[in-house]
Amino acid sequence: MAQRLPILYNKKPCYDIVFSQSFEELKLELQELELKERKVCIITDSTVDGIYGTELEQLVSEVCKKAVRFVFPAGESSKSLDTVKQAYVFLIENGFDRKDVLLALGGGVVGDLTGYVAATYLRGIDFIQVPTTLLAQCDSSIGGKTGVDFDGYKNMVGAFKMPRLVYMNLSVLKTLEERQFFSGFAEVMKYGLIKDALFYEWLIENMYEICERDLNVLEEMVMRSCSIKKLVVEKDPTEQGDRALLNLGHTIGHAIEKYKKFELHHGECVALGTVAAAYISWKKELLSMDEYYEIRDMFVPFYLPISVDGLDPAEILKLTKSDKKMEAGTIKFILLKKIGKAIIDRSVTDEEILAAINEINFSEEDAYE
Ligand code: GLY
């Protein structure tokens with residue numbers, strides 16, 4: 001039996017997150033949305049399409065007037081205005097009007113891009129999220145952030161647009177490619193670090209089951225992550241304040257992602273950025289040295305990097321400063337006061353950022369530590 005978590009927007013019920021272990025109940029959920037007279041365009045990438053595209057199109061076509069599929073090449077380079085344009089053309093050619101619906105089937109790139117198309121096509125049409133990666137289930141499919149990269153900068157162009165429904169089939173996590181799965185885990189760790197020390201401890205206690213992808217443990221992990229995200233986005237849906245805490249590790253992480261030309265996964269960069277943020281927190285005497293090393297080393301059993309070779313600190317600093325987390329010329333940094341408590345800090349200096357980048361810059365010595 002599927003479980004559900006309602007998400008409020010401006011204190012009113014907005015959409016539900018449905019947690020299931022199959023796609024079976026999706027049909028029922030879509031019927032509830034009364035799509036009989038509506039067309040549905042499934043937007044997905046080439047990888048996900050090959051696994052679930054046909055099954056989902058069949059399922060969706062049974063509850064709506066017509067189902068079509070728009071498929072783009074998998075990868076971050078597709079998260080662009082070019083793909084958005086191709087999607088508009090596809091929708092126009094298929095006669096999509098304001099009452100019709102988009103369904104994002106895939107990971108973060110698919111969800112963010114589809115949401116942006118939904119936010120802008122005909123000044124906004126409905127969309128549904130069916131996230132298929134750990135990262136998308138725990139983070140990007142919830143809270144209405146949509147957008148694409150621009151000129152190599154992450155999520156530079158976008159809009160807030162709430163979905164009508166987020167439907168998660170947790171069993172898809174069992175077959176995710178290893179690197180993709182663990183990359184998503186960086187966002188899970190984030191919730192424990194910023195808001196919930198008990199969840200952080202639970203993650204340590206369940207390390208083995210998580211790595212083995214025990215479905216019931218994964219379900220609890222995703223549900224707890226979503227519950228924390230719910231609390232944050234309901235209080236601050238458009239990131240005027242505390243929602244920025246969800247950006248722990250993303251400030252330097254996004255700079256590394258761009259510097260490495262998207263060769264590293266988003267979550268891997270978030271792990272590196274989180275180590276850097278924890279290091280700055282230690283140097284600012286918010287965290288103790290022991291806490292810093294504990295946080296850093298927690299990524300290792302989950303196959304996430306804590307250092308990477310070939311970073312040019314001056315270049316990473318420059319990229320960090322051109323990310324959209326700047327406000328009136330200062331960087332909004334998310335630091336940790338302790339495990340389970342994050343703060344927004346605007347006082348981080350260039351020297352502190354450079355020292356943190358050096359800390360995560362792999363050297364031969366690290367190999368023998
Ligand atoms: N991924 C961060 C947020 O949704 O605010």
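Our subject is the structure listed above.
Here's a quick rundown of the structure. Each chain has its residues counted from 1, running along the sequence as written. This being a predicted model, a pLDDT of at least 70 is required before a residue's local features are given, and a value of 80 or more before pairs of side-chain atoms are given or counted; all residues contribute to the totals for chains, interfaces and linings. For the side-chain quantities, the full set of heavy atoms in the structure was used; hydrogens and water were omitted.

**Thoughts on the overall build of the chain**
Right, so step 1: Every helix listed is a DSSP run of H or I at least four residues long, and every strand listed is a run of E at least two residues long, numbered separately from the N terminus. Broken down by element type, the chain carries 15 helices and 13 strands.
Right, so step 2: The C-alpha atoms of the chain give a radius of gyration of 20 Å, which matches the 21 Å a tight globule of 369 residues would have.
Right, so step 3: Based on the C-alpha atoms only, the size of the chain along its principal axes is roughly 60 × 40 × 40 Å.
Right, so step 4: Two residues qualify as a contact provided that any one of their heavy atoms is within 4.5 Å of a heavy atom in the partner residue. The long-range fraction of contacts in the chain, counting pairs at least 24 apart against all pairs at least 6 apart in sequence, stands at 76%.
Right, so step 5: Approximately 15800 Å² of the chain is accessible, and the part contributed by carbon and sulfur atoms is 50%. Only C-alpha atoms enter the radius of gyration; for comparison, a globular chain is expected to reach 2.2 Å times N to the power 0.38, where N is the number of residues. Using the Shrake-Rupley algorithm and a 1.4 Å probe, accessible areas are obtained, with residue cover drawn only from the displayed protein chains.

**Some details on the nonpolar core**
Right, so step 1: Phe 185, Ile 210 and Met 221 are the most contacted members of the largest nonpolar core, which totals 80 residues.
Right, so step 2: Here this core takes 11 residues from helix H11 (residues 266–283), the largest share from any one element.
Right, so step 3: Not counting residues within four places of it along the chain, the set of residues in contact with Phe 185 comprises Leu 134, Leu 203, Ile 210, Met 221, Phe 302 and Leu 304.
Right, so step 4: Listed in part, the 25 residues of the second largest apolar core include Leu 26, Leu 30, Val 40 and Cys 64. For the purposes of this section, nonpolar cores are sets of buried Ala, Val, Leu, Ile, Met, Phe, Trp, Tyr and Cys residues that join through side-chain atoms within 4.5 Å. Only protein chains enter the accessibility calculation, which uses a 1.4 Å probe; a residue whose area is less than 20% of its type maximum is buried, one above 50% is exposed, and one in between is partly exposed.

**Section: the sheet that holds strand E9 (residues 165–169)**
Right, so step 1: Taken in spatial order, the seven strands of this open sheet run E1-E2-E9-E6-E5-E3-E4, and their pairing is mixed. Edge positions in the sheet fall to strand E1 (3–9) and strand E4 (66–72), since each has one partner strand and no second. Pairs of neighbouring strands in the sheet enclose a mean axial angle of 20 degrees, with direction left out of account.
Right, so step 2: Relative to E9, strand E6 (residues 126–131) is paired through two bridges, and the arrangement is parallel. Each residue of the ladder has a partner; that of Gln 129, found in E9, is Val 166.
Right, so step 3: Note on method: axes are straight lines fitted to C-alpha atoms, helices fitted across the in-contact stretch only, with angles between N-to-C directions ranging 0 to 180 degrees. Helix H4 (residues 108–120) contacts strand E3 (39–45), E4, strand E5 (101–106) and E6 of the sheet and is inclined by roughly 170 degrees relative to E5.
Right, so step 4: Its contacts with the sheet place helix H9 (residues 215–235) against E1, strand E2 (12–20) and E9, and it is angled at close to 15 degrees to E1. Here, strands pair whenever DSSP counts at least two bridges between them.

**Brief notes about a nonpolar patch on the surface**
Right, so step 1: On the surface, Leu 81, Phe 150 and Met 156 cluster together into a nonpolar patch covering about 250 Å² of accessible area.
Right, so step 2: Within the fold, Phe 150 resides in strand E7 (residues 145–150). Patches draw on residues past 30% relative accessible area with no salt bridge. Two like charges within 9 Å are joined, as are two nonpolar side chains (Val, Leu, Ile, Met, Phe, Trp, Tyr) within 5 Å. Salt bridges are defined by distance alone: a side-chain nitrogen of Lys or Arg within 4 Å of a carboxyl oxygen of Asp or Glu.

**Things to note about a positive patch on the surface**
Right, so step 1: His is not counted, nor are the chain ends, whereas Lys and Arg count as positive and Asp and Glu as negative. By convention, the point assigned to a charge is CZ for Arg, NZ for Lys, CD for Glu and CG for Asp. Residues Lys 195, Lys 235, Lys 337, Lys 338 and Lys 341 make up a contiguous surface patch of positive charge.
Right, so step 2: Within the secondary structure, Lys 341 is located in strand E13 (residues 341–345).

**Remarks on the pattern of salt bridges**
Right, so step 1: Counted according to the given criterion, the structure contains 22 salt bridges.
Right, so step 2: Asp 139 is paired through a salt bridge with Lys 190; the nearest N and O atoms lie 3.6 Å apart. Of this pair, Asp 139 sits in helix H5 (residues 134–140) while Lys 190 sits in helix H6 (residues 178–195), placing them 51 residues apart in sequence. Each member of the pair Asp 139 and Lys 190 is classed as buried.
Right, so step 3: Across the salt bridge formed by Arg 224 and Glu 220, the nearest N and O atoms sit 3.4 Å from each other.

**Looking at the packing of aromatic side chains**
Right, so step 1: The criterion for an aromatic pair is that two Phe, Tyr or Trp rings (for Trp, the six-membered ring) have centres within 6.5 Å, with stacked assigned to planes under 30 degrees apart, edge-to-face to planes over 60 apart and tilted to the rest. Scanning all chains against the criterion turns up 13 aromatic pairs.
Right, so step 2: Geometrically, the ring pair formed by Phe 182 and Tyr 303 is tilted, given 4.9 Å between the ring centres and 55 degrees between the ring planes. Of the two residues, Phe 182 sits in helix H6 while Tyr 303 sits in the loop between helix H12 (289–298) and helix H13 (313–322), which places them 121 residues apart along the sequence.
Right, so step 3: Residue Phe 182 is classed as buried on the basis of its relative accessible area, which comes to 3%.
Right, so step 4: Relative to Phe 302, the ring of Phe 185 lies with its centre 3.8 Å away and its plane at 20 degrees, an arrangement referred to as stacked. Within this pair, whereas Phe 185 is found in helix H6, its partner Phe 302 is found in the loop between H12 and H13, the two being separated by 117 residues in sequence. Take Phe 185 and Phe 302: they sit in the same class, and that class is buried.
Right, so step 5: Taken together, the ring pairs connect Tyr 279, Trp 282, Tyr 292 and Tyr 293 into an aromatic cluster.
Right, so step 6: Our definition puts a charge over a ring when NZ of Lys or CZ of Arg is within 6 Å of the ring centre and also within 35 degrees of the ring normal. Positioned above the aromatic ring of Tyr 191, the side-chain terminus of Lys 190 is 5.1 Å from the ring centre.
Right, so step 7: The side chain of Lys 258 reaches across the aromatic face of Tyr 153, ending 4.4 Å from its centre.

**Concerning the packing of helix H3 (residues 81–93) against H4**
Right, so step 1: Relative orientation of the contacting elements H3 and H4 amounts to 55 degrees, with a least axis distance of 10 Å. With respect to H4, the element H3 is oriented oblique. The element H3 and its partner H4 pack so that their crossing is right-handed. Across the interface between the two elements, Leu 81, Thr 83, Val 84, Ala 87, Tyr 88 and Leu 91 from H3 touch Leu 113, Tyr 116, Val 117 and Thr 120 from H4.
Right, so step 2: When residues are sorted by character, Ala, Val, Leu, Ile, Met, Phe, Trp, Tyr, Cys and Pro go into the nonpolar class, Asp, Glu, Lys and Arg into the charged class, and all the rest, Gly among them, into the polar class. Residues of the contact of H3 with H4, tallied by class, amount to eight nonpolar, two polar and no charged. Orientation labels follow simple angle bins: below 35 degrees gives roughly parallel, above 145 gives roughly antiparallel, 65 to 115 gives roughly perpendicular, and whatever is left gives oblique. Crossing handedness is read from the near helix: turned anticlockwise from the far helix by less than a right angle, it gives a left-handed crossing, and turned clockwise, a right-handed one.

**As for unusual backbone geometry**
Right, so step 1: Phi at Leu 122 is positive, roughly 55 degrees, even though this residue is not glycine.
Right, so step 2: Residue placement: Leu 122 occurs in the loop between H4 and E6.

What is shown is where atoms sit, not what they do.
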